[in-house]
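# Summary of the model geometry
If you want the building blocks of each chain, they are given just below.
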Amino acid sequence: MINTASHCPCGSGNSFGACCKAIHISHAAAAGAEQLMRARYSAFVVRNIDFLYNTFHPSTRRFQDKNAIRKWSVENKWMQLHILKTTFQTVEFEAHYLNTEMEVQIHHEKSTFKKLGNLWYYVDGK
Ligand SMILES: [Zn+2]
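Here is a short report on the structure shown in this document. (Residues numbered from 1 in each chain as written. Predicted model: local features only at pLDDT ≥ 70, side-chain atom pairs only at ≥ 80, totals over all residues. Heavy atoms only, no water.)

### So, the nonpolar core
What counts is decided by this rule: Residues grouped as a nonpolar core are buried Ala, Val, Leu, Ile, Met, Phe, Trp, Tyr and Cys residues, joined through side-chain atoms within 4.5 Å. Using a 1.4 Å probe on the protein chains alone, a residue whose accessible area is under 20% of its type maximum counts as buried, one over 50% counts as exposed, and one in between counts as partly exposed. Secondary structure counts use DSSP, requiring at least four H or I residues in a row for a helix and at least two E residues in a row for a strand, with both numbered from the N terminus. Whether two residues touch is decided by their heavy atoms; if any such pair falls within 4.5 Å, the residues are in contact.
In terms of nonpolar packing, the biggest core is built from 29 residues, with Cys20, Met37 and Phe113 touching the most fellow members. Top element by residues in this core is helix α2 (residues 33-46). It accounts for 8 residues. Here phenylalanine 113 is in contact with Ala33, Leu36, Met37, Gln89, Val91, Trp120, Tyr121, Tyr122 and Val123, once residues within four sequence places are set aside.

### Quick word on the layout of surface pockets
Selection rule: Site definitions follow a grid-based scheme: protein atoms alone, a 1 Å grid, a 1.4 Å probe that fits but cannot get out for cavities, and for pockets an open set with protein on both sides within 12 Å along at least five of seven lines, plus lining residues having an atom within 4 Å of a point. Grid points are joined across faces, edges and corners, and a volume is the space filled by probe spheres set on the points. Residues are grouped as follows: nonpolar covers Ala, Val, Leu, Ile, Met, Phe, Trp, Tyr, Cys and Pro; charged covers Asp, Glu, Lys and Arg; every other residue, Gly included, is treated as polar.
Approximately 340 Å³ is the volume attributed to the largest pocket. Taken together, 17 residues form the lining of the largest pocket, with Arg40, Phe44, Trp72, Glu109 and Tyr122 sitting closest to its centre. Contributing elements (two or more residues each) for the lining of the largest pocket: α2, α5 (66-75), β2 (90-98) and β3 (104-116). Among the elements that line the lining of the largest pocket, the one with the most residues is α2, at 4 residues. Forming the walls of the second largest pocket are Met1, Ile2, Val45, Arg47, Ser73, Val74, Asn76, Lys77, Trp78 and Met79. Elements with a minimum of two residues in the lining of the second largest pocket: α5 and β1 (77-86). Within the lining of the second largest pocket, the residues separate by chemical class into 6 nonpolar, 2 polar and 2 charged.

### Some details on the sheet that holds β2
Going by this rule: Only strands joined by at least two bridges in the DSSP assignment are considered to pair. Axis definition: a line fitted to C-alpha atoms, over the contacting stretch in the case of helices. Angles run 0 to 180 degrees between N-to-C directions.
Strands sit in the order β1-β2-β3-β4 across an open sheet of 4 strands; the sheet is antiparallel. Each having just a single partner strand, β1 and β4 (119-125) make up the two edges of the open sheet. Each adjacent strand pair in this sheet contributes to an overall mean axis angle of 35 degrees, direction not counted. Judged from the 9 bridges that link them, β2 and β3 form a sheet pairing that is antiparallel. Bridge assignment links threonine 90 to a residue of β3, and that residue is threonine 112.

### Some details on the pattern of salt bridges
Going by this rule: Note on definitions: salt bridges are taken to be side-chain nitrogens of Lys or Arg within 4 Å of carboxyl oxygens of Asp or Glu.
A complete count under the given rule lists 3 salt bridges for this structure. One salt bridge in this structure joins lysine 66 and aspartate 50, with 2.7 Å as the shortest N-O distance. Here the residue lysine 66 occupies a position in helix α5, and aspartate 50 occupies one in helix α3 (residues 49-54), the gap between them amounting to 16 residues. On the basis of relative accessible area, lysine 66 is assigned to the partly exposed category, the value being 32%. Overall, the relative accessible area of 42% leaves aspartate 50 in the partly exposed class.

Encoded structure:
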């Protein structure tokens, strides 16, 4: 497992404890779309399914299934995150992972985020 002193899985160069884990503990610590996106990637790595579920925007959360999120988190071996482009409400990224056949896969997505009150949420991606 990843301890708080390890390099954060999101690739920021900071420790996990000072980076994404701080957001896992307090959702409000995500100051923008990219920080939430990074924290969601790290949540896949450390299998924080509740965080992934709870950071879906309320408008799309009801379509989510915790078991499906858990399966996606556990079945794949998460290697690396590359942020390609960030705007105020969007983040385009590539997540590199190994699938169950140990084949390298690249998930390329442009995600949309929205702020509700003081909290950022993931709306959807394409
Ligand atoms: Zn991080």
